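The chain contents come next:
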Amino acid sequence: MPINEKELNANLFDQLSIVERIERHLKSGGQEAAQAEIEILKNEINRKLYQQPPLKSE
């Protein structure tokens with residue numbers, strides 16, 4: 001969970017960037033290009049989620 005407004009804003013900007021990237025691929029390359037971009041984005045997110053060592057210890 002975001003701790004403060006700055007962290008929340010950063011998360012929202014990241015989400016907006018993802019949507020804009022997918023829209024660009026839909027316009028320029030169609031559904032297949034957008035699907036390929038989604039796969040790339042999912043891999044990027046998974047790398048961040050499961051990085052070693054984690055950013056924060058619990």
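Look up a bit, the structure's there.
Quick caveat: nothing in here was measured; it's all calculated off a predicted structure.

Draft legend 1. Here's a closer look at helix α1 (residues 5-49). Taking 1.5 Å of rise per residue, 45 residues should cover 66 Å, yet α1 covers just 21 Å from first to last C-alpha, more than 12% shy of that figure. Taken as a whole, α1 carries its principal kink of about 140 degrees at Gly-29. Residues Ala-34, Glu-37 and Leu-41 constitute the buried set of α1. For α1, the capping residue at the N-terminal end is Asn-4, with a side-chain oxygen 3.2 Å from the backbone nitrogen of Lys-6.

Draft legend 2. Quick peek at the pattern of salt bridges. Counting across every chain of the model gives three salt bridges. Between Glu-44 and Arg-21 there is a salt bridge, and its shortest N-O distance comes to 3.6 Å. For Glu-44, a relative accessible area of 25% translates into the label partly exposed. On the basis of relative accessibility, which here comes to 25%, the residue Arg-21 falls in the partly exposed class. The closest approach of N and O atoms between Glu-39 and Lys-42, which form a salt bridge, is 3.2 Å.

Cut-off values and rules
- Residues numbered from 1 in each chain as written.
- Predicted model: local features only at pLDDT ≥ 70, side-chain atom pairs only at ≥ 80, totals over all residues.
- Heavy atoms only, no water.
- Helix = DSSP H or I, 4+ residues; strand = E, 2+ residues; numbered from the N terminus.
- Expected span 1.5 Å × (residues − 1).
- Bend = angle between axes of the 7 residues up to and from the residue.
- Buried < 20%, exposed > 50% of the residue type's maximum accessible area, 1.4 Å probe, protein only.
- Polar contact = N/O pair within 3.5 Å; in protein donor to acceptor, adjacent residues only side chain to side chain.
- Salt bridge = Lys/Arg side-chain N within 4 Å of Asp/Glu carboxyl O.

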